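Understanding the architecture of this molecule
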Amino acid sequence: MDHLLSMKQLSKPDISGLLKRAGELKAGAPPALNRGYTVSNLFFEPSTRTKTSFEMAERKLGLSTLPFEAGFSSSLKGETLYDTVKTLEAIGLDALVIRHPDDRYYDGLAGRTSVSLINGGDGSGQHPTQSLLDLFTMQEEFGALEGLKVTIAGDVAHSRVAKSDRDALELFGADVRYLCPAEWRGDFDAADDWEDVLGDSDVIMLLRVQHERHGGGADFSHEAYHERYGLTEERAARMKKGAVIMHPAPVNRGVEIADSLVEDPRSRIFRQVENGVYIRMAVLESILKGRD
Amino acid sequence: MDHLLSMKQLSKPDISGLLKRAGELKAGAPPALNRGYTVSNLFFEPSTRTKTSFEMAERKLGLSTLPFEAGFSSSLKGETLYDTVKTLEAIGLDALVIRHPDDRYYDGLAGRTSVSLINGGDGSGQHPTQSLLDLFTMQEEFGALEGLKVTIAGDVAHSRVAKSDRDALELFGADVRYLCPAEWRGDFDAADDWEDVLGDSDVIMLLRVQHERHGGGADFSHEAYHERYGLTEERAARMKKGAVIMHPAPVNRGVEIADSLVEDPRSRIFRQVENGVYIRMAVLESILKGRD
Amino acid sequence: MDHLLSMKQLSKPDISGLLKRAGELKAGAPPALNRGYTVSNLFFEPSTRTKTSFEMAERKLGLSTLPFEAGFSSSLKGETLYDTVKTLEAIGLDALVIRHPDDRYYDGLAGRTSVSLINGGDGSGQHPTQSLLDLFTMQEEFGALEGLKVTIAGDVAHSRVAKSDRDALELFGADVRYLCPAEWRGDFDAADDWEDVLGDSDVIMLLRVQHERHGGGADFSHEAYHERYGLTEERAARMKKGAVIMHPAPVNRGVEIADSLVEDPRSRIFRQVENGVYIRMAVLESILKGRD
């Protein structure tokens, strides 16, 4: 694997291999890199958990991470992403993790640079390491993904998490369902009523209501959203026995999920964050090993 | 010590132990940590010296410091400080240094996270590592704190330095006096005239006039403040023999202190900065050792 | 060498020594530093390549680099650059790389601090490490600098690159010519027509049109500039055999240089970036060795 840009590029054995390796690393296996590599994390959108998770994964692998401040870079002088990447290639970087607001920002980069690229989220496109950590967390919980009933609730049309997870979960034979208002449905076949999915879901994954995208309209009420599409305490009481709650975070407490459920015993939200470090170690290790 | 949030939590032996250890580290003693730890410095207010001082202390202790850009984090998406801290806990951080504009931002964090917290300044509340370095610098100068006459001049009501220093210096039997305009007095018993305190002070500590807080009013004149409440050259000429000048910095030259006095032989302003590194090493070491 | 502030301070043997050492480092020679040093990169203007290049050079030399965010520092509270530098000296920094919008920001710093200073670009003044990497790239290409015909095209009056390169190239006996509109000429004796310089130039160096400075006027057209002063494909076809294209970057594709020429076989633009790392290693090594 030269780059990791989208879950669509990964076969079932590719994914299984990464999940297995992340499990070994979580169990304490040492990293398998022969030398130090130098990487940088180019985040053109704000991030705490994905960026810090990559930083931690890089430290644990013994990599050298060069800082990059998108808000104080030559991008401000009009430099294209392509020229920025070629510049960092010339400086000697081995791999770049990139988050960017544009869908498929990586078209025109991969194949034209010798730097390895890892997609940390592209616009409303893909977020492959988030998807891998979601799969890892589900597999850790249930042993296998096949036949698992997973409900993803929220703005699926604009969610790179929903898209990445759909691609991967369907490959593994999970039964993925969606729940959202009609205007957020996009090309997803989504239910509009919790009663259709609540009782038999093994995993209920809430997506963040994106204030910057949704909160502007005068007709949008967080209370109304919570009542109709959020995971309320009342609904949580009717979840299937053994079912778990997931969320890619950051969370809007009281909007897509009741405040009290974020740290409920059934919540795996912070477990997802913890697992993300091992998934990113596995991805970086796999890509960097391929450079020798 | 699990966390360092306020000088009020420290006993006299606690403080003495930290000052002693800082002295050993300044004299070249090696750090006493058995393993590497990973920390991050979360500064939600601008800072040069406190943040860089912690960064240097962390390097000297052999710690791994993950970057955190408050202005480019998920805080922008509305994530609460609590959720940010829990996320960094899940990612595997051992300790967080936090500076935040809210007084007592740490209420509701300590006791609910396994990450160790070090307060790098909370609003108009406390700034414990600054207070410890102030004490260290005075003790280095005078041998003991008991009976020392210390005058703190400036906006004591809103100063976390004044509050932290008051708590600690009184514990050690120093005689602390305050000087400021009536409207900045708060619950401090402050003089209004240099003549009441100038002649017998061993330490004269000036506080920064906070432009962002004080400079806005049309009736506020830096010249008038300097004349009445600043340490002028004329006043400095009448300081007690052996007395020293301190300031937590950044300094407004010509406002709370005459420009020429910042690097006067009696000034300990840059000595305070130097000592801050050893104090922060001692604090980090003490807290991290407690995690094993 | 205590500081590197301007090309004017360097003798011909100084420069030759740095170029030679950069060549050795590029060929794989190990760094010659006896101990670790701690440095910081203070960039008060946006930068990708210069800042990342210094960061990479510092890693390769085994230095410890403390982060500094100009946009989140005490500069925002009105702290002077002098006080910031003295603070970082007190914290224990060995060297500072500084980029600042003010011409000769370093006057009043050098000689008043024990920290070593490296100028990463001052306003419209000097950019010595860029100049050194330009010389290195030309020498690598042509063997020697003497007699080389170099044309620098663009806003030479405001370009720190043009000024630094002029000083150094003339010292080595190169024949440096300039091309630009009359209003950007400053004290340079510049041609106004490509025909005067195109046919016999060994090096054609384009300078970035600075949108923030030039693009504002309604009468400024990127197309017109490209036609008259840019390196068009048509002009490139008439370049001397063996001649090369250089640019300090970031590049405005289609303005000062045709898009297709940036990665033309004759372009050394990304080679310049690559070489910059070794030049900065040589500069840092030379300055830090002088501290022992």
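Cut-offs applied
Residues numbered from 1 in each chain as written. Chains lettered and ligands numbered in written order. Predicted model: local features only at pLDDT ≥ 70, side-chain atom pairs only at ≥ 80, totals over all residues. Heavy atoms only, no water. UniProt positions renumbered as here; feature names shortened; annotations may be inferred. Least-squares fit on C-alpha atoms with pLDDT ≥ 70 in both. Contact = heavy atoms within 4.5 Å. Phe/Tyr/Trp six-rings, centres within 6.5 Å; stacked < 30°, edge-to-face > 60°. Lys NZ or Arg CZ within 6 Å of the ring centre and 35° of its normal. Axes fitted to C-alpha atoms, helices over the stretch in contact; angles between N-to-C directions. Helix = DSSP H or I, 4+ residues; strand = E, 2+ residues; numbered from the N terminus. Parallel < 35°, antiparallel > 145°, perpendicular 65-115°, else oblique. Left-handed = near helix turned anticlockwise from the far one by under 90°. Nonpolar A, V, L, I, M, F, W, Y, C, P; charged D, E, K, R; others polar. 1 Å grid on protein atoms, 1.4 Å probe; cavity = no way out; pocket = protein on both sides within 12 Å on 5 of 7 lines; lining within 4 Å. Points joined across faces, edges and corners; volume = space filled by probe spheres on them. Pairing = 2+ DSSP bridges. Buried < 20%, exposed > 50% of the residue type's maximum accessible area, 1.4 Å probe, protein only. Right-handed = clockwise from strand over helix to strand, strands pointing away. Buried area = accessible area lost by both parts, 1.4 Å probe. Salt bridge = Lys/Arg side-chain N within 4 Å of Asp/Glu carboxyl O. Domains from an automatic or database assignment. Polar contact = N/O pair within 3.5 Å; in protein donor to acceptor, adjacent residues only side chain to side chain.

The name recorded for chain A in an unreviewed UniProt entry is Aspartate carbamoyltransferase, from Edaphobacillus lindanitolerans. Annotation of chain A in UniProt includes, under Pathway (unreviewed entry), the sentence "Pyrimidine metabolism; UMP biosynthesis via de novo pathway; (S)-dihydroorotate from bicarbonate: step 2/3." Quoted verbatim from the Sequence similarities (unreviewed entry) field of UniProt, the annotation for chain A is "Belongs to the aspartate/ornithine carbamoyltransferase superfamily. ATCase family."

1. Some points on the relation of the copies chain B and chain A
Overlaying chain B on chain A yields an RMSD of 0.0 Å, the required transformation being a rotation through 120° with an accompanying axial translation of 0.0 Å. Put plainly, the chains are arranged around a three-fold axis. In terms of proximity to the rotation axis, the leading residue of chain B is Pro67(B), whose C-alpha is 4.9 Å off the axis. Here only 4% of the contact residues of chain B are again contact residues in chain A; the copies associate through non-equivalent surfaces.

2. Remarks on the packing of aromatic side chains
The description of an aromatic ring pair rests on the distance of the ring centres and on the angle between the ring planes. All told, the structure shown has 15 aromatic pairs over all chains when counted by the stated rule. Ring pairs connect the aromatic residues Trp184(A), Tyr225(A) and Tyr229(A), which therefore count as one cluster. Between the NZ or CZ atom of Lys12(C) and the centre of the ring of Phe172(C), over which it lies, the distance is 5.6 Å. Directly above the aromatic system of Phe54(C) lies the positively charged group of Arg280(C), at a separation of 5.0 Å from the ring centroid.

3. A closer look at the packing of helix H2 (residues 49–60) of chain C against helix H9 (residues 269–289) of chain C
When two helices pack together, their arrangement is given by the angle between the helix axes and the distance between those axes. Residue and element names in this part refer to chain C. The interhelical angle for the contact between H2 and H9, taken along N-to-C directions, is 55°, at an axis separation of 8 Å. The angle between H2 and H9 places the two elements in the oblique class. The handedness of the crossing between H2 and H9 is right-handed. Facing H2, whose interface residues are Arg49, Thr50, Ser53, Phe54, Met56, Ala57, Glu58 and Lys60, H9 presents Val273, Gly276, Val277, Tyr278, Arg280, Met281 and Leu284. Considered class by class, the residues forming the contact of H2 with H9 number eight nonpolar, three polar and four charged.

4. Here's the deal with the layout of surface pockets
Any empty space left between the atoms is revealed when a probe the size of a water molecule rolls over them. If you add up the space inside the largest pocket, you get close to 680 Å³. For the largest pocket, the lining is made up of 33 residues, of which Arg59(A), Pro67(A), Pro67(B), Arg59(C) and Pro67(C) are closest to its centre. Counting only elements with at least two residues in the lining of the largest pocket, the list comes to strand E1 (38–43), helix H2 (49–60) and strand E2 (64–66) of chain A, helix H2 (49–60) and strand E2 (64–66) of chain B together with H2 and strand E2 (64–66) of chain C. Counted by class, the lining of the largest pocket contains 12 nonpolar, nine polar and 12 charged residues.

5. Some thoughts on unusual backbone geometry
Backbone phi values are negative for most residues with the exception of glycine, while trans is the configuration of most peptide bonds. With an omega of 0°, the peptide bond running from Ala249(A) to Pro250(A) counts as cis. Position of Pro250(A) among the secondary structure elements: in the loop between strand E9 (244–246) and helix H9 (269–289). Although it is not a glycine, Ala249(A) sits at a positive phi angle of roughly 65°. Structurally, Ala249(A) can be placed in the loop between E9 and H9. Notably, Arg104(C) is not glycine yet its phi reads approximately 55°, a positive angle. Among the structural elements, Arg104(C) can be located in the loop between strand E3 (95–100) and strand E4 (116–122).

6. Details of the environment of Ile118(C)
Its place among the elements puts Ile118(C) in strand E4. When the C-alpha positions of Ile118(C) and Val283(C) are compared, they lie 8.5 Å apart, and in sequence the two are 165 residues distant.

7. Quick word on the relation of the copies chain A and chain C
Turning chain A through 120° and shifting it by 0.0 Å along the axis lays it on chain C, with an RMSD of 0.0 Å. Take the interface residues of chain A: only 4% of them recur as interface residues in chain C, which is what a contact between different surfaces looks like.

8. Overview of the sheet that holds strand E7 (residues 190–191) of chain B
Residues and elements named next belong to chain B. With respect to topology, five strands assemble into an open sheet ordered E7-E6-E5-E8-E9, the strand pairing being parallel. Whereas interior strands pair on both sides, the edge strands pair on one side only; in this sheet they are E7 and strand E9 (244–246). With five bridges connecting them, strand E5 (residues 149–153) and strand E6 (residues 175–179) associate as parallel partners. Residue pairing in the sheet places lysine 149 in a bridge with aspartate 175 of E6.

9. Some details on the side chain of Lys86(C)
Following the sequence through the fold, Lys86(C) ends up in helix H3 (residues 81–91). Judged by relative accessible area, which is 11%, Lys86(C) ranks as buried. Those residues in contact with Lys86(C) that sit more than four places away from it in its chain are Glu263(B), Phe270(B), Arg112(C) and Thr113(C).

10. Quick word on the pairing of strand E1 (residues 38–43) of chain B
Residue and element names in this part refer to chain B. Of all six residues making up E1, six are buried, and the element is well covered by its neighbours. In E1, alternate side chains face the same way, and those of Thr38, Ser40 and Leu42 on one face and Val39, Asn41 and Phe43 on the other are all buried. Of the strand pairs in this sheet, E1 and E2 are connected by three bridges, and their pairing is parallel. From the neighbouring strand, valine 39 faces E2, where its bridge partner is threonine 65. This β-α-β element, E1 to H2 to E2, shows right-handed connectivity.

11. Regarding the interface of chain B and chain A
Facing 24 residues of chain B, the contacting portion of chain A comprises 27 residues. A buried area of about 2,200 Å², summed over both sides, lies between chain B and chain A, and 59% of it is on carbon and sulfur atoms. It is Phe72(B), Lys77(B) and Ile91(B) that lose the most area in chain B upon contact with chain A, and together they represent 32% of the buried surface on that side. Run the count over chain B and chain A and you get two salt bridges. A salt bridge links Asp83(B) to Arg253(A), with the nearest nitrogen and oxygen atoms 2.6 Å apart.

12. With respect to the domain arrangement of chain A
All names here are of chain A. Each domain of chain A was delimited in the assignment, giving domain 1 (7–126 + 275–289) and domain 2 (128–272). Contact with domain 1, which involves 30 residues of that partner, is made by 25 residues of domain 2. When the two sides are added together, the surface that domain 1 and domain 2 hide from each other amounts to roughly 2,300 Å², 61% of it contributed by carbon and sulfur. In this structure, the connection of domain 1 to domain 2 is made through three salt bridges. For the salt bridge of lysine 8 with aspartate 167, the shortest nitrogen-to-oxygen distance reads 3.2 Å. In the side of domain 1 that touches domain 2, the residues fall into 10 nonpolar, 12 polar and eight charged.

13. Points about the interface of chain A and chain C
Buried accessible area, meaning the area lost when the parts come together, often serves as the stated size of an interface. Listed as interface residues are 24 residues of chain A and, on the opposing side, 27 residues of chain C. Here chain A and chain C share an interface that buries about 2,200 Å² over both sides, 58% of which is from carbon and sulfur atoms. Our count for the chain A to chain C interface comes out at two salt bridges. The interface formed by chain A and chain C contains eight residue pairs in polar contact (both at pLDDT 80 or more). Looking at which element gives the most residues to the side of chain A that touches chain C, the answer is helix H3 (residues 81–91) of chain A, with eight residues. Partitioned by chemical class, the residues of the side of chain A that touches chain C number 10 nonpolar, eight polar and six charged.

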